[in-house]
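So the chains spell out like this:
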Amino acid sequence: MYAFAHRLLRGAAIGAMAAALTAALLLSMPQGAGAQDSAPFPPQDKAAFDAMIRDYLLEHPEVVVEALESFQRREQARATERQTQTLQSADLRYDPESPVIGNPDGDVVIVEFFDYRCPYCKQVTEPLLEVVKEDGNIRLVMKELPILSAESYLAARAALAAEKQGRYEDFHFALMTEPGTLSEASIFAVAKDLDLDLERLRRDMDSPEVAAALDDVSELADRLGIRGTPAFVIGDEIIPGALSIDAMRQRVAEARAGAS
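A. Expanded view of helix α7 (residues 168–176). All of the buried residues in α7 are Tyr168, Phe171, His172, Phe173, Leu175 and Met176. On its buried face, α7 is in contact with β1 (100–102), β2 (108–114), α5 (119–135), β3 (138–144), α6 (150–163) and α8 (184–193).

B. Layout of the side chain of Ser152. Tracing the backbone shows Ser152 in helix α6. We classify Ser152 as buried; its relative accessible area is 1%. One polar contact links Ser152 to Asp115, side chain to side chain, over a distance of 2.7 Å. Ignoring sequence-local partners within four residues, the contact set of Ser152 consists of Asp115, Arg117 and Pro146.

C. Looking closely at the packing of aromatic side chains. Inspection of the entire model under this criterion finds one aromatic pair. Where Phe114 meets Tyr116, the ring centres are 5.3 Å apart and the plane angle is 80 degrees; that geometry is what we call edge-to-face. Each of the two residues, Phe114 as well as Tyr116, counts as buried. Across from the ring centre of Phe188, 3.8 Å away, lies the NZ or CZ of Arg202, which sits over that ring.

D. Expanded view of the pattern of salt bridges. Taken as a whole and judged by the stated rule, the model has 14 salt bridges. Arg200 is the partner of Asp204 in a salt bridge, and the nearest nitrogen-oxygen pair spans 3.2 Å. Pair noted here: Asp204 and Arg200 are both in helix α9 (residues 198–205), with a separation of four residues, about one helical turn. The partner of Asp222 in a salt bridge is Arg227, with the nearest N and O atoms 3.6 Å apart. For Asp222, a relative accessible area of 44% corresponds to the partly exposed category. Several salt bridges share partner residues, and in doing so they unite Glu130, Glu134, Asp246 and Arg249 into one network.

E. Summary view of α5. The first and last C-alpha atoms of α5 sit 25 Å apart over 17 residues, in line with the 24 Å expected at 1.5 Å per residue. At Thr125, α5 is bent by approximately 35 degrees, the largest bend along its length, and proline Pro127 sits one to four residues beyond. Looking at α5, one finds that the buried residues are Cys121, Val124, Thr125, Pro127, Leu128, Leu129, Val131 and Val132. On its buried face, α5 sits against β1, β2, β3, α7, β4 (231–234) and α11 (245–259).

Calculation notes
- Residues numbered from 1 in each chain as written.
- Predicted model: local features only at pLDDT ≥ 70, side-chain atom pairs only at ≥ 80, totals over all residues.
- Heavy atoms only, no water.
- Buried < 20%, exposed > 50% of the residue type's maximum accessible area, 1.4 Å probe, protein only.
- Helix = DSSP H or I, 4+ residues; strand = E, 2+ residues; numbered from the N terminus.
- Contact = heavy atoms within 4.5 Å.
- Polar contact = N/O pair within 3.5 Å; in protein donor to acceptor, adjacent residues only side chain to side chain.
- Phe/Tyr/Trp six-rings, centres within 6.5 Å; stacked < 30°, edge-to-face > 60°.
- Lys NZ or Arg CZ within 6 Å of the ring centre and 35° of its normal.
- Salt bridge = Lys/Arg side-chain N within 4 Å of Asp/Glu carboxyl O.
- Expected span 1.5 Å × (residues − 1).
- Bend = angle between axes of the 7 residues up to and from the residue.

This is the structure:
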């Protein structure tokens, strides 16, 4: 993965240098010379230009390294700015399309990004619920991020559809504690056991609103730099991976102290 990203960065850097050299060459041409043709210069000139770029980079390989480093710094700065802005956005903590568990008016907000087929998400489910219940003043915002399989996406759609029947919390924890691998049959078996209206559930699962809500969460995760599940936002901190119950309590206490 790193090698692939490195190749992309290298290609972008070389492309930027080529663009700069192209601009310099065009500026050196007589005015109007490029306007008469669909290409900025004839094929034979382009071949010479390509050779010039190649010779220059072979003679000055340090330019590639400098360009890569500069490109990486700019991209990191953009990512950090985007992440900071997203952490402060209302969409993260108060999006009406994201189900809430616990105290809707809690003074500490925990945002969880999760996938129903993620074993670490399942592992953290009970400790998280225990912390929310024992504290009593936590707003737990649920962000469905189905990234592992088609069944993950199906389960997420079903959970958001269950929210429309006022049964999100029951359905969520039933799916998280469902033994074995999730399938379409097991997902609807859980819904049936909870006495959900299955016809309405299927209809709501296929609604544009549910699809849009999942797309919004995916975009939000991308802006935050979240690439896996589970991931938490507690206060203004992004925490990737599963947390122990003691670590959760500590993060909540720190977020509460930081907000006071």
